[in-house]
Amino acid sequence: MNRTISLSISLFLAIFVWWSITNREDEQLQQAKSTSYIEIFMNDFEITTMDDNGLPSYILNGTHLQRHNDSDETEVQHAVFNLLQGNGQWKINADNAIINDKNDTIQLIDNVIMQQQNIEPAVTIRTQRLLIHTKTQIAQTHLAVDIEQGQSLLKSTGMIFNNITNELELSSNVSGYYLPYD
């Protein structure tokens with residue numbers, strides 16, 4: 001009788017321990033799946049993206065890049081974005097950027113300065129936010145923009161710039177002055 005009771009208690013304890021271990025593993029797996037964590041990060045990085053012809057389309061530099069496991073967006077600090085489309089080469093600096101590979105966009109945020117390269121006098125555009133569609137090479141904002149070239153200055157609320165066609169559309173409240181340069 002004592003053996004039967006001892007065997008029953010031992011069997012009960014073994015089943016209880018096995019059950020608690022498997023439940024704990026399931027709970028840990030569920031917690032790991034639902035917890036947000038940094039999936040990838042880099043410091044002082046440079047990323048070059050190629051176009052369909054195998055030529056560099058743009059280069060992105062920054063001091064820190066990170067992406068969470070539950071997000072389609074990658075965050076960048078101190079972003080420097082070089083748009084390398086033929087004659088329309090631009091260097092764009094911003095305090096922060098958000099890359100969305102799913103939508104093929106880069107949102108540049110805070111103290112955005114877009115400066116034309118390889119031309120004098122260069123065009124400089126300043127704003128607080130700029131959304132760039134990387135496939136179509138269209139940059140747009142609905143916020144205030146200041147556009148300078150030489151001694152000329154234009155201000156607008158919102159703009160759309162097509163880097164492929166080199167067309168700039170100012171949205172509203174356009175003011176300023178244009179001085180021809182020598």
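1. A look at the environment of Asp 51
Turning to step 1, where the next piece is worked out: Relative to the assigned elements, Asp 51 resides in the loop between β1 (38-50) and β2 (56-68).
Turning to step 2, where the next piece is worked out: Owing to a relative accessible area of 28%, Asp 51 belongs among the partly exposed residues under this scheme.
Turning to step 3, where the next piece is worked out: With 34 residues separating them along the chain, Asp 51 and Gln 85 place their C-alpha atoms 9.6 Å apart.
Turning to step 4, where the next piece is worked out: Here the side chain of Asp 51 touches Gly 54 through a polar contact of 3.0 Å, landing on its backbone nitrogen.

2. Focus: the pattern of salt bridges
Turning to step 1, where the next piece is worked out: What the rule picks out here adds up to four salt bridges.
Turning to step 2, where the next piece is worked out: Residues Lys 102 and Asp 72 are paired through a salt bridge, measuring 3.7 Å at the closest nitrogen-oxygen approach. Residue Lys 102 is found in the loop between β4 (88-100) and β5 (105-116), and its partner Asp 72 is found in the loop between β2 and β3 (73-85); the two are separated by 30 residues along the sequence.
Turning to step 3, where the next piece is worked out: The exposure class assigned to Lys 102 is exposed, which follows from its relative accessible area of 63%.
Turning to step 4, where the next piece is worked out: Ionic pairing is found between Arg 126 and Glu 148, a salt bridge with its closest N-O pair at 3.2 Å. A residue pair is termed long-range when its members are at least 10 positions apart, and Arg 126 in strand β6 (residues 123-133) and Glu 148 in strand β7 (residues 138-149) qualify at 22 residues.

3. Digging into unusual backbone geometry
Turning to step 1, where the next piece is worked out: The residue after Glu 120, namely Pro 121, is reached through a cis peptide bond having omega -10°.
Turning to step 2, where the next piece is worked out: Inspection of the secondary structure assignment puts Pro 121 in the loop between β5 and β6.
Turning to step 3, where the next piece is worked out: Backbone geometry places Asp 104, a non-glycine residue, at a positive phi of 55°.
Turning to step 4, where the next piece is worked out: Tracing the chain through its elements places Asp 104 in the loop between β4 and β5.
Turning to step 5, where the next piece is worked out: When its relative accessible area of 29% is taken as the criterion, Asp 104 is described as partly exposed.
Turning to step 6, where the next piece is worked out: Here Asn 166, not a glycine, exhibits a phi torsion of approximately 65°, which is positive.
Turning to step 7, where the next piece is worked out: Position of Asn 166 among the secondary structure elements: in the loop between β8 (152-162) and β9 (167-177).

Calculation notes
Residues numbered from 1 in each chain as written. Predicted model: local features only at pLDDT ≥ 70, side-chain atom pairs only at ≥ 80, totals over all residues. Heavy atoms only, no water. Helix = DSSP H or I, 4+ residues; strand = E, 2+ residues; numbered from the N terminus. Buried < 20%, exposed > 50% of the residue type's maximum accessible area, 1.4 Å probe, protein only. Polar contact = N/O pair within 3.5 Å; in protein donor to acceptor, adjacent residues only side chain to side chain. Salt bridge = Lys/Arg side-chain N within 4 Å of Asp/Glu carboxyl O.

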